[in-house]
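Read off the chains here:
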There are 2 protein chains.
Amino acid sequence: MGGDSAPLSEVAGAIDTVKRYDHLNIILVGSEDVISRELAKYSYDKDRIKIHNCSEVIEMHDSPTEALKKKPDSSIVVGLKLLKQNAAQAFISAGNTGAVMAASLLLLGRISNVTRPTIGESFPTDKGLSIVFDVGANMDCKPIHLLEFAIMGVVYANHIFKSENPRVALLSVGEEKTKGDNLTVETYELLEKSHLNFIGNIEGADVLRGKAEVIVCDGFVGNVILKFAESVPAVLKNRVRNYASGNIFRKIRAKIMASGLRQILKDFDYQEYGGVPLLGVNGITIIGHGKSSPKAIQNMILKAERMVRENITEFIQAKIKDIKEFLPKTITN
Amino acid sequence: MGGDSAPLSEVAGAIDTVKRYDHLNIILVGSEDVISRELAKYSYDKDRIKIHNCSEVIEMHDSPTEALKKKPDSSIVVGLKLLKQNAAQAFISAGNTGAVMAASLLLLGRISNVTRPTIGESFPTDKGLSIVFDVGANMDCKPIHLLEFAIMGVVYANHIFKSENPRVALLSVGEEKTKGDNLTVETYELLEKSHLNFIGNIEGADVLRGKAEVIVCDGFVGNVILKFAESVPAVLKNRVRNYASGNIFRKIRAKIMASGLRQILKDFDYQEYGGVPLLGVNGITIIGHGKSSPKAIQNMILKAERMVRENITEFIQAKIKDIKEFLPKTITN
């Protein structure tokens, strides 16, 4: 109910998903009235899309922690409870990101040995996707948190990207291990000891170059760079438009440029990736853009299904236990 | 002597500058042999380009602080001494960035009330230039440092961009003052109190949108985003090339796109800006890319001249004193 165009995109995405994929069934959590009115526009198999009614909506501007207390019958809280009770196997939402994270932590709980669950976003590179952890869930991180992001990222890249031995890079300001801030210099030491496939530091210029499948950084930096990257297609579009306002020849060239850019930047359209996974909680949660299209909703469902099928939660649990057991006790706190 | 193609670009840039601008004279600091051999390729007014001989070169891979001790007769140290002794009015270098900063701090000293000198880089926006401070000189900043960057940035934007009342924004992960990490949340409070023209937080997506003339952030974040931005034209060029490798129609379209992109991204070419100013030291220092072209060298000289003419150092001194006097003593340490 919390997405910008809810429940239009959610319903359309659900309908399209059950039509295309026989093994996926959807529970739409929210106002039964509103949702059933929207569903009535489509013909579909009523056994495969159910409504679970609830009365409240957490809005985008609501403070996450307050909203959880004040709106216990919201679609986010109720949906995550269904997951907790095994009435569903994954939860997806285009609503208030902070609220989905907070509710997932509270209701599903953290995987043991994980101190900071994380969200990661895929960046398109010439050599396939790289995924950056964290992109905004965690500010003021400590080295151990970045190590956890790396471990969870490796499991994700391994099982979802099918990358056999994912390379891990640390985002910093120079390649040398002494370059960076206190956080990255200390994290470098940890990653080196971890026996992950750690390739060292990469710089901002390397993010789109496909040097590593998993890139780790503090959620502040990750969020800034993610939003910067997301702004690039619009900036270019705007510049092409200004370029066109010269003469007729420029107009023609600008048309060709605009359509060409659309094609070469197709994978910069974050709708395609269908939301970011929240890793480190006991359950599968995917968080989408507020403005998720029906296609984005469908991609979120498919991503969630893949994460369920691949037992991501169990693999994270195992791998993080393995690595943390090797670390001195002083570091892990 | 420390630039990637030194002294070729340096000499060519100097020659071109004295030919175009009657009031600018250049001292080339470095190996007299090497430089005079390079100068001999040109005809120019010998009174206006002098060589100041020195015997050592700080290389790109040298550790800045060690290099200053071990190479006292390097072009960076000797050049900055000339500035200190008023034999020159500004110093520019395409050499080792860390060494230029360290030597400037050591030899010129900090402007009083400045705790952290800073380097800023211009970003092209649809509404003119925005300048981001810091882009790599300062890691692990405190709120007071970001306030200082803002003050110095405002003086710079005011006098160099001729922006009358430069807007200052804080780079963060959301517009609300509570969004961000500890550093930005505390810095927000300081900037609010400062009576600068503070417009609040901006996100990564706003950097290229021209919302503020001066954007402040920790040097780690600034460096990552600067290098990411610098990588965009090459990424696009590469994608256009891949796009072209389809058929003849795509080849033609790709040609048009490539030439169009070159035009609309002209201001993404950081050579045009000619290096970053180091603000907060007693003197004008400009630091360029290692791979600075002759044109970049000339732009660095012109930028330095403008900074000298506008008395940037004195204005920073005055403005930082003004603002710091208003702050409680507990904050300024």
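Quick note: structure is the one above.
Residues numbered from 1 in each chain as written. Chains lettered and ligands numbered in written order. Predicted model: local features only at pLDDT ≥ 70, side-chain atom pairs only at ≥ 80, totals over all residues. Heavy atoms only, no water.

1. Some remarks on the packing of helix α8 (residues 219–244) of chain A against helix α8 (residues 219–244) of chain B
And then number 1: Look at α8 of chain A against α8 of chain B: their axes get within 10 Å of each other, and the N-to-C directions meet at 30°. Seen from above, α8 of chain A lies across α8 of chain B with right-handed handedness. Note on element contacts: α8 of chain B touches α8 of chain A through Phe220, Val221, Val224, Ile225, Phe228, Ala229, Val232 and Leu236 of chain B, opposite Phe220, Val221, Val224, Ile225, Phe228, Ala229, Val232 and Leu236 of chain A.
And then number 2: Taken together, the residues of the contact of α8 of chain A with α8 of chain B break down into 16 nonpolar, no polar and no charged. (Axes fitted to C-alpha atoms, helices over the stretch in contact; angles between N-to-C directions. Helix = DSSP H or I, 4+ residues; strand = E, 2+ residues; numbered from the N terminus. Left-handed = near helix turned anticlockwise from the far one by under 90°. Contact = heavy atoms within 4.5 Å. Nonpolar A, V, L, I, M, F, W, Y, C, P; charged D, E, K, R; others polar.)

2. Thoughts on the nonpolar core
And then number 1: With 106 residues, the main nonpolar core has Phe123 and Phe228 of chain A together with Phe123 and Phe228 of chain B as its most contacted residues.
And then number 2: Once residues lying within four places of it in the same chain are set aside, the contact partners of Phe228 of chain A are Phe123, Gly204, Ala205, Val207, Leu208, Ile225, Phe228 and Ala229 of chain B. (Core = buried A, V, L, I, M, F, W, Y, C linked by side-chain atoms within 4.5 Å. Buried < 20%, exposed > 50% of the residue type's maximum accessible area, 1.4 Å probe, protein only.)

3. What about the interface of chain B and chain A?
And then number 1: At the junction of the two partners, chain B supplies 46 residues and chain A supplies 46 residues.
And then number 2: When chain B packs against chain A, the two sides together hide about 4300 Å² of surface, and 69% of this comes from carbon and sulfur.
And then number 3: Interface area lost by chain B to chain A is led by Phe220, Phe228 and Arg239 of chain B, which between them contribute 19%.
And then number 4: In this assembly, chain B and chain A are joined by four salt bridges.
And then number 5: For Asp267 of chain B, the salt bridge identified is with Arg239 of chain A, shortest N-O distance 2.7 Å.
And then number 6: Counting the contacts that link chain B with chain A gives 14 residue pairs in polar contact (both at pLDDT 80 or more).
And then number 7: Sorting the residues of the side of chain B that touches chain A by element identifies β4 (118–125), α7 (182–193), α8 and α9 (248–264) of chain B as the ones contributing at least two each.
And then number 8: In terms of residue count, α8 of chain B provides more of the side of chain B that touches chain A than any other element does, 16 residues in total.
And then number 9: Residue composition of the side of chain B that touches chain A, grouped by class: 25 nonpolar, 11 polar and 10 charged. (Buried area = accessible area lost by both parts, 1.4 Å probe. Salt bridge = Lys/Arg side-chain N within 4 Å of Asp/Glu carboxyl O. Polar contact = N/O pair within 3.5 Å; in protein donor to acceptor, adjacent residues only side chain to side chain.)

4. Things to note about the relation of the copies chain B and chain A
And then number 1: Here chain B sits on chain A after a turn of 180° about the axis and a move of 0.0 Å along it, with an RMSD of 0.0 Å. The superposition operator between the copies reduces to a two-fold rotation axis. Measuring from the rotation axis to each C-alpha of chain B, the shortest distance belongs to Met257 of chain B, at 2.5 Å. (Least-squares fit on C-alpha atoms with pLDDT ≥ 70 in both.)

5. Things to note about helix α10 (residues 294–309) of chain B
Residue and element names in this part refer to chain B.
And then number 1: Spanning 16 residues, α10 covers 23 Å between terminal C-alpha atoms, matching the ideal 22 Å at 1.5 Å per step.
And then number 2: Residues of α10 that are buried include every one of Ala296, Ile297, Gln298, Met300, Ile301, Leu302, Lys303, Ala304, Glu305 and Met307, and no others.
And then number 3: At the exit of α10 stands Asn311, carrying a positive phi of roughly 55°. (Expected span 1.5 Å × (residues − 1).)

6. A few points about the sheet that holds strand β7 (residues 198–202) of chain A
All names here are of chain A.
And then number 1: Overall, mixed pairing links the eight strands, which are arranged β3-β10-β9-β4-β5-β8-β6-β7 in an open sheet. One side of each edge strand has no neighbouring strand; the edge strands of this open sheet are β3 (90–93) and β7. Strand after strand, the sheet turns through a mean of 30° between neighbouring axes, direction not considered.
And then number 2: Both strand β6 (residues 168–171) and β7 contribute to a ladder of four bridges, which runs parallel. In the sheet register, Val168 faces β7, and the bridge partner there is Phe198.
And then number 3: Here helix α10 (residues 294–309) sits on the sheet in contact with β3, β9 (276–279) and β10 (284–287), set at roughly 155° to β10. (Pairing = 2+ DSSP bridges.)

7. Here we look at the pattern of salt bridges
And then number 1: All chains considered together, the criterion is met by 31 salt bridges over all chains.
And then number 2: One network of salt bridges, with partners in common, ties together Lys177, Glu189 and Glu192 of chain A.

8. With respect to the pairing of strand β6 (residues 168–171) of chain B
And then number 1: Residues Val168 and Leu170 of chain B point to one face of β6 of chain B and Ala169 and Leu171 of chain B to the other, with burial holding for every one of them.
And then number 2: The parallel pair β6 of chain B and strand β7 (residues 198–202) of chain B, bridged by α7 of chain B, forms a crossover whose chirality is right-handed. (Right-handed = clockwise from strand over helix to strand, strands pointing away.)

9. Digging into the sheet that holds strand β3 (residues 90–93) of chain B
All names here are of chain B.
And then number 1: Spatial ordering of the open sheet is given by β3-β10-β9-β4-β5-β8-β6-β7, a layout of eight strands whose pairing is mixed. The sheet is open, and its two edges are formed by β3 and β7, each paired on a single side. Averaged over all neighbouring strand pairs, the angle between strand axes comes to 30°, with direction disregarded.
And then number 2: Here strand β9 (residues 276–279) pairs with strand β10 (residues 284–287) via three bridges, running antiparallel. Each residue of the ladder has a partner; that of Pro277, found in β10, is Ile286.

10. Quick look at the environment of Gly288 of chain B
All names here are of chain B.
And then number 1: Structurally, Gly288 is set in the loop between β10 and α10.
And then number 2: Since its relative accessible area comes to 7%, Gly288 is described here as buried.
And then number 3: For Gly288, the residues in contact, after removing those within four places along its chain, are Ser93, Ala94, Gly95, Gly275 and Met300.

11. Comments concerning the packing of aromatic side chains
Residues and elements named next belong to chain A.
And then number 1: According to the stated counting rule, one finds seven aromatic pairs over all chains in the structure shown.
And then number 2: Here Tyr156 and Phe161 contribute two aromatic rings whose centre-to-centre distance is 5.9 Å and whose plane-to-plane angle is 75°, an arrangement assigned as edge-to-face.
And then number 3: Taken together, a centroid distance of 5.0 Å and an interplanar angle of 80° make the contact between Tyr188 and Phe198 edge-to-face. Taken together, the residues Tyr188 in helix α7 (residues 182–193) and Phe198 in strand β7 connect sequence positions 10 residues apart.
And then number 4: Tyr188 gets classed as buried once you look at its relative accessible area, which sits at 12%.
And then number 5: An aromatic cluster of three or more residues is present, and its members are Phe133, Tyr156 and Phe161.
And then number 6: For the cation-ring pair, Lys46 lies above Tyr44, with the distance from its terminal atom to the ring centre recorded as 4.4 Å. (Phe/Tyr/Trp six-rings, centres within 6.5 Å; stacked < 30°, edge-to-face > 60°. Lys NZ or Arg CZ within 6 Å of the ring centre and 35° of its normal.)

12. Focus: the pairing of strand β2 (residues 49–53) of chain B
Residue and element names in this part refer to chain B.
And then number 1: Where strand β1 (residues 26–30) and β2 come together, five bridges link them in parallel fashion. Its bridge partner lying in β2, Val29 is registered against His52.
And then number 2: In this fold, β1 hands off to helix α2 (residues 32–39), which returns the chain to β2; that crossover is right-handed.

13. As for unusual backbone geometry
Residue and element names in this part refer to chain A.
And then number 1: The peptide bond linking Phe133 to Asp134 adopts the cis configuration, its omega dihedral lying at 5°.
And then number 2: With respect to the helices and strands, Asp134 occurs in the loop between β5 (128–133) and α6 (143–160).
And then number 3: Of note, Asn113 is a non-glycine position whose phi angle comes to about 80°, a positive value.
And then number 4: Structurally, Asn113 can be placed in the loop between α5 (97–108) and β4 (118–125).

14. What to know about a nonpolar patch on the surface
And then number 1: Together, Ile248, Phe249 and Ile252 of chain A make up a nonpolar patch on the protein surface, roughly 340 Å² of accessible area in all.
And then number 2: You can see Ile252 of chain A is positioned in helix α9 (residues 248–264). (Patch = residues over 30% accessible without salt bridge, like charges linked within 9 Å, V, L, I, M, F, W, Y side chains within 5 Å. Areas by Shrake-Rupley, 256 points an atom, 1.4 Å probe, with all protein chains shown as cover.)

Remember, this is a structural readout, not a statement about activity or role.
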